[in-house]
Amino acid sequence: DNSTFVTWGPTATVRNRPMYTLASADGPVIVRHTLQFDRGVLDYALSSKPVAMPANGLIRLYTVGTFDYTGQYLMAGTTSGEAVVFSMDRDTAMYRVCVKLGGAPITGICQLVDAPSCPYVIGSGAGVTTLTGRDRSWQRSETVPVPGGALALQAVPNEDRVCILTGRSALMTLDSSLSTPMALSVATDTGLGGVCFGAKCDVVYVGTRLAEVQAWSLGDYSRLSCVGLVSGRTAAGKRAECTCICHFEDTLYTGWSNGLVSGHAINPNGTIGSQILTLTDAHRGSIESIHCNETGLATCGGDATIRVWDTSREGYPELKMQLAEHSHRVTALKWDLVVPSILHSVGSDGELVCSDIAKGGARVKQWRLTSGGMGCAQIQSGHAELCVLTEDGSVGIYDFDLPQPVLGAHPPLGVVAGPTGCIAVGESLIVTAGTVERERGDVSHVTVHEVTEDSVHCVASVPLEGILCTDVCLAQDQKQVVVVGSLGEVVVLNYYGST
């Protein structure tokens, strides 16, 4: 089947039953179809008839097509950048005229039936233009450039505007005069450094590398809000980059590359409110990880220290305790789910340390990892074991009652994380995102492991071509995984138990 498009036409009523009209492109041939109820067989039957072409020949490959609002004409776009008009009369469907628009293939056509003169809006890699007229007489407007080109067009119902999906994954609208472009939602075109869910599973929060914090809806995949960071520049004048993010109660906490820690209020509708907390020098250098519970706000950084802050003071938290449990950069930390005063941390020195803040930061337990630690999280099923992702790509599960890992860090669980590995843990799932080494180059993967009392097995693995993962989070109901990438990608995956 060489069809390059198919489009619905008008619907008529014949003997109290609807009769449907369609048009399709089969290679260089345009075909008119009629779907009508056949009383002889008591079922619908499809009849097809090619559209008559000019005697001197017209060989084109068609990309898109649409009927006009009367159903009498079909306008089709070609790979050569032309708009071809056909009369779609049932008995004598034929070619009428070919209008040259440019060299770029036509990617979308729609008609604004609520605008004066009902113009067609036509999109291509160069931008959008309009055609106004009928039959063989047409007038075109100047092409309006669209960043990244127009990938798809859709007329806005009951308005004289068209919605455009651009090659940069952004949405914009234009009115029929093509004079008032307006961005609806612009995809993040800068790196994302952290992602987390809020109190509900339908909103996800991301921190960007342009000193912004954004809220995205997983209901319609729209951006709910975007808030700029106060004091969002480094000492050298560069914009601060988000490195980590977490949510606790009605506050969103973020860590930044300039040592800043900020807190934003979360509104009841999930949008991000004002900045209510600021720590300008929480650590020397970048904030590596951040986590908050009723004990306090814990932060760590490249200065090999862990600090716990009292967030009960509004505005500027007070330092409660500083720990020096690692000899090198502290890469990740998490508060314990069972004992809120115990803090787990891993570092590039290859140590996993558990400290009890209620006992003055006393070390409760310590493990030696196979290599530098990159991330840690805690299984929420009640076993309360720690999952640690290391630089060699292994995932170890550690129990407080045993001196060694329960399942061990060797062999790896099938995931080679590489230098961009990240981990998220749910009630019974471990989700890792990272880079798998291949002969033809590295490929990013999101892998889901199911944890039982005595084993861990891989249940799903999804390749993410061209995406360098920077963070991953898992919804509380374990049905959605969200991954963010170094070029601003936000990838949402639905998990159905085995796929």
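Residues numbered from 1 in each chain as written. Predicted model: local features only at pLDDT ≥ 70, side-chain atom pairs only at ≥ 80, totals over all residues. Heavy atoms only, no water.

In the annotation of an unreviewed UniProt entry, the entry for the protein reads Guanine nucleotide-binding protein subunit beta-like protein, and the organism field reads Kipferlia bialata.

Q: Explain the overall build of the protein to me, and be specific about the residues and the numbers.
A: On a plain count of helices and strands, the protein comes out with 0 helices and 43 strands. Counting every position in the protein, which comprises 499 residues, the buried fraction comes to 53%. Long-range pairs, those at least 24 residues apart, make up 40% of the contacts in the protein with a sequence separation of at least 6. (Helix = DSSP H or I, 4+ residues; strand = E, 2+ residues; numbered from the N terminus. Buried < 20%, exposed > 50% of the residue type's maximum accessible area, 1.4 Å probe, protein only. Contact = heavy atoms within 4.5 Å.)

Q: Tell me about the confidence of the model for the protein, and name the residues and values.
A: Summing up the model confidence of the protein, the mean pLDDT is 81 and the portion of residues at 70 or higher is 86%. Under a pLDDT of 50 for its full length, residues 406–419 has, in the predicted model, 36 contacts with residues more than four places off or in other chains. (pLDDT = per-residue confidence, 0-100.)

Q: Please give an account of unusual backbone geometry that cites residues and values.
A: Phi at Cys118 is positive, roughly 50 degrees, even though this residue is not glycine. Inspection of the secondary structure puts Cys118 in the loop between strand E9 (106–111) and strand E10 (120–124). For Cys118, a relative accessible area of 17% puts it in the buried group. Not every positive phi belongs to a glycine, and Ala304 is a case in point at roughly 65 degrees.

Q: Give me the side chain of Thr78: which residues, what numbers.
A: Relative to the elements of secondary structure, Thr78 occurs in strand E6 (residues 73–78). We classify Thr78 as buried; its relative accessible area is 0%. Within polar-contact distance, the side chain of Thr78 engages the backbone nitrogen of Ser80 at 3.2 Å. Setting aside residues no more than four positions away along its own chain, Thr78 makes contact with Arg60, Leu61, Tyr62, Thr63, Val84, Pro105 and Ile106. (Polar contact = N/O pair within 3.5 Å; in protein donor to acceptor, adjacent residues only side chain to side chain.)

Q: Describe the sheet that holds strand E5 (residues 62–67), and please don't skip the residues or the numbers.
A: Where strands meet in a sheet, backbone hydrogen bonds hold them as pairs that are either parallel or antiparallel. Strand order in the open sheet made by the 4 strands is E5-E6-E7-E8, with antiparallel pairing throughout. For this open sheet the edge positions go to E5 and strand E8 (94–100), each flanked by a neighbour on one side alone. Sheet twist, expressed as the mean angle between neighbouring strand axes with direction ignored, is 20 degrees. Pairing analysis gives 5 bridges linking E6 to strand E7 (residues 82–87), with the strands arranged antiparallel. Counted as the bridge partner of Leu74 is Phe86 from E7. (Pairing = 2+ DSSP bridges. Axes fitted to C-alpha atoms, helices over the stretch in contact; angles between N-to-C directions.)

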